[in-house]
Amino acid sequence: MNELSRREPSRREEMSLSGAALRGAPWKAAAITGGGVAAISYAIGVVLPGDASLGSAAGFGLSLFFLVSSIGAVRNAVAPDRVTDRARAWARENPWRFALWPAAATAALNYPLQLVTGAEGPFGAIWDSLWRALFVLVVVGVAVAATRKRGPR
């Protein structure tokens, strides 16, 4: 038995495990999905009467980028190595702890994006970043918890 299986991992070790689990994420598919949805969202805002917000569209695309990459990384059955396979097993066993890191990354990248492109000011940017992070946390947590029941595909 290794040392991590006998004790609870620290926050730093959890971050390393999450990063290792994300090693095999479908980054290209996530970028295409996030970028495409952001472009379509902005285009719809321009075509339809109303508010065409670049910050809102980009924030939506960023959230989808982290959703696709996180869920795809854990659901991917082919692990490039034993370490990544173990990290994915840890993510399946601890779906909410794993989901914290994509949610934190969403908030950390969305805040400056909203601050620069949005008109809400710093508190509006914080609010927008937090609700997007909560959305990513819940969706990734539920999706990874569902893979735990089924095991690797």
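Counting starts from 1 at the beginning of each chain's written sequence and moves along it residue by residue. Owing to the predicted nature of the model, reporting of local features is limited to residues with pLDDT of at least 70; listing and counting of side-chain atom pairs is limited to 80 or more, with chain, interface and lining totals taken over all residues. With hydrogens and water stripped out, all remaining heavy atoms of the structure feed into the side-chain values.

**Quick word on the nonpolar core**
Definition in use: What makes a nonpolar core is a set of buried Ala, Val, Leu, Ile, Met, Phe, Trp, Tyr and Cys residues whose side-chain atoms join them at distances within 4.5 Å. Only protein chains enter the accessibility calculation, which uses a 1.4 Å probe. A residue is then buried if its area is under 20% of the maximum for its type, exposed if over 50%, and partly exposed in between. A helix here means a DSSP run of H or I that spans at least four residues, while a strand means a run of E at least two residues long, and both kinds are numbered starting from the N terminus. Any two residues whose heavy atoms approach within 4.5 Å at even a single point are treated as in contact.
Counting residues in hydrophobic clusters, the biggest one holds 23 residues, and the most contacted among them are A91, F98 and V140. Looking at this core, the elements with two or more residues in it are α2 (11-21), α4 (54-75), α5 (82-93), α6 (95-117) and α7 (121-150). Of all the elements, α7 adds the most residues to this core, at 6 residues. Setting aside anything within four residues of it in sequence, one finds A91 in contact with A21, V74, F98 and V144.

**Regarding the packing of helix α3 (residues 27-47) against α4**
Note the following rule: To obtain each axis, a line is fitted to C-alpha atoms, and for helices this fit is confined to the stretch in contact; angles are then taken between N-to-C directions over 0 to 180 degrees. Any angle that falls under 35 degrees is termed roughly parallel, while one over 145 is termed roughly antiparallel, one within 65 to 115 roughly perpendicular, and all others oblique. For any helix crossing, the convention is left-handed if the near helix is rotated counterclockwise from the far helix by under a right angle, and right-handed if that rotation is clockwise. In this count, Pro and Cys sit with the nonpolar residues alongside Ala, Val, Leu, Ile, Met, Phe, Trp and Tyr, while Asp, Glu, Lys and Arg are called charged and the others, Gly among them, polar.
Taken N-terminus to C-terminus, the directions of α3 and α4 make an angle of 155°; their axes are 8 Å apart at the nearest point. Overall, the two elements α3 and α4 adopt an arrangement that is roughly antiparallel. For α3 against α4, the interelement crossing comes out right-handed. Facing W27, A29, A30, A31, T33, G34, V37, A38, S41 and Y42 of α3, the residues of α4 in contact are L54, A57, A58, F60, G61, L64, F65, V68 and S69. Residues belonging to the contact of α3 with α4 are distributed by class as follows: 14 nonpolar, 5 polar and no charged.

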